[in-house]
Amino acid sequence: MVIAVASQKGGVGKTSSTISLAAGLARKGKRVLLIDIDSQANSSKVLLPNYPQIHKQETVVSTILERSPLPCQPTNVPNLDIVPSHILLSTTDVELTTAIDHREERLKRELDMVKGSYDYVFIDCPPTLSWLTINAFTAADKVIVVVAPGYFELDSIVQISKTISEVRDYFNPSLQLAGFLFTMADPTVNTKTSLQLLRQTYTSSVLTTVIPRNTDLRDAHFQKRDIFSFNPKSTAALAYNKLIAELFHV
């Protein structure tokens, strides 16, 4: 199963969620691949201690721009491989906009060659609706949309839902919405109101599990570790384990 993890805004816990889902399943014995197509490369920086030494040819840039095979590399988490990102991904939209081949399928074509080796593939999308995001949605079976408390965060759902619908119409008719994942929840009126509004508007599409705001996540990533190796009893680790059970019945 290929799952794209997306958001239209940065800072909503998208990358933390991608790493936590991938690492959590890997630690349960599943073979997992994480493809980082966010040019900030935060997933790559957390999971690859030697990331600064990696050349661009060893990243997803070579797949998107040069149509090379996916450069899968082992991470510091057992059973978890990663295709690293690179800052040069930030310029790919210019090239893909003028491309005359099936530009929406560059990731899918190479992923189809390797995905049989994995139980789950997660794609950490950029926090923009670009050709990279369209590549991710074209390659994916399902999309998890990450939403944090706040008016603008909720407002962005309309556009990302439209993009999912358009990709389904033009490129990937079997694409499904896995659900809206509410993150960074805290005991404030803003959180309570945002979650209530989300559930009223998208009733059946909102995932039951809510991810709390937790400094352990930030501290784990600062130490280049996933939440389960850093503090498996933290509120974030418990919440992501609950989410894994909800989504994948594992």
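In what follows, the structure referred to is the one given above.
This is a predicted model, so every value here is computed, not measured.

A. Quick peek at the sheet that holds strand β7 (residues 176–185). Pairing within the open sheet is mixed, and its eight strands lie in the order β3-β4-β2-β5-β1-β6-β7-β8. The open sheet has two edge strands with one neighbour each: β3 (73–74) and β8 (206–212). Inspection of the sheet shows strand β1 (residues 2–6) paired to strand β6 (residues 142–147) by four bridges, in the parallel sense. Along β6, the bridge assignment pairs Val5 with Ile144. Along the sheet face, helix α1 (residues 14–27) touches β1, β2 (32–36), β4 (80–83), β5 (120–124), β6 and β7 and points at about 165° away from the line of β5.

B. Quick look at the environment of Thr203. Looking at the secondary structure, you find Thr203 in the loop between α9 (189–201) and β8. Taking C-alpha positions, Thr203 is 9.9 Å from Phe180, a pair spaced 23 residues apart along the chain. In this structure the side chain of Thr203 is engaged in a polar contact, spanning 3.1 Å, whose partner is the backbone oxygen of Arg199.

C. The packing of α1 against helix α12 (residues 235–248), seen in detail. Running from amino to carboxyl end, α1 crosses α12 at an angle of 75°, the nearest separation of the two axes being 10 Å. Taken together, the axes of α1 and α12 are roughly perpendicular relative to one another. Where α1 abuts α12, its residues Ser16, Ser17, Ser20, Leu21, Gly24 and Leu25 lie against Tyr240, Leu243, Ile244, Leu247 and Phe248. The residue makeup of the contact of α1 with α12, split by class, is seven nonpolar, four polar and no charged.

D. Highlighting helix α10 (residues 215–222). Listing the buried residues of α10 in full gives Asp216, Leu217, Ala220 and His221. Along the axis of α10, the buried positions cluster into a sector of 130°, meaning they face one direction only. Exposed residues lying more than 90 degrees from the buried face of α10 are Arg218 and Phe222. On its buried side, α10 packs onto α1, α2 (42–47), α11 (227–230) and α12. In the segment just after α10, Lys224 is the residue with positive phi, at about 60°.

E. Main features of helix α8 (residues 157–170). Under the 1.5 Å per step criterion, the end-to-end length of α8 is 20 Å for 14 residues, consistent within 8% with the ideal 20 Å. Within α8, the full set of buried residues consists of Ile157, Ile160, Thr163, Ile164 and Val167. Buried residues of α8 fall within an arc of 125° about the axis and therefore sit on the same side. Exposed positions of α8 whose direction lies more than 90 degrees from the buried face are Val158, Asp169 and Tyr170.

Each value, and the rule that gives it
- Starting afresh in each chain, residues are numbered from 1 along the sequence in its written order.
- Only residues with pLDDT of 70 or above have their local features reported here, since the model is predicted, and side-chain atom pairs are shown and tallied only from 80 upward, although totals for entire chains, interfaces and linings are computed over all residues.
- Each side-chain value is derived from all of the structure's non-hydrogen atoms; neither hydrogens nor water enter the calculation.
- Think of it this way: DSSP has to see at least two bridges between two strands before they count as a pair.
- To qualify as a helix, a DSSP run of H or I must reach at least 4 residues; to qualify as a strand, a run of E must reach at least 2; elements of each kind are numbered from the N terminus.
- Residue contacts are defined here by distance: any two heavy atoms, one from each residue, within 4.5 Å place the two residues in contact.
- Fitting a line to C-alpha atoms yields each axis, with helices limited to the stretch in contact; the angle taken between N-to-C directions then spans 0 to 180 degrees.
- Each polar contact in these results corresponds to two N or O atoms within 3.5 Å; when the atoms are within protein, one needs to be able to donate a hydrogen and the other to accept it, and residues that are neighboring in sequence are counted only if both atoms are side-chain atoms.
- Each angle receives one of four descriptions, namely roughly parallel if under 35 degrees, roughly antiparallel if over 145, roughly perpendicular if within 65 to 115, and oblique otherwise.
- Only Asp, Glu, Lys and Arg are considered charged in this grouping, and only Ala, Val, Leu, Ile, Met, Phe, Trp, Tyr, Cys and Pro are considered nonpolar; every other residue, Gly among them, is considered polar.
- With a 1.4 Å probe rolled over the protein chains alone, any residue whose accessible area is under 20% of its type maximum counts as buried; one over 50% counts as exposed, and the rest are partly exposed.
- Starting at the helix axis, one direction is taken to each C-beta atom, and the arc is that of these directions.
- Working rule for helices: expected span equals 1.5 Å times residues minus one.

Functional significance is not addressed by these values, which are geometric in nature.
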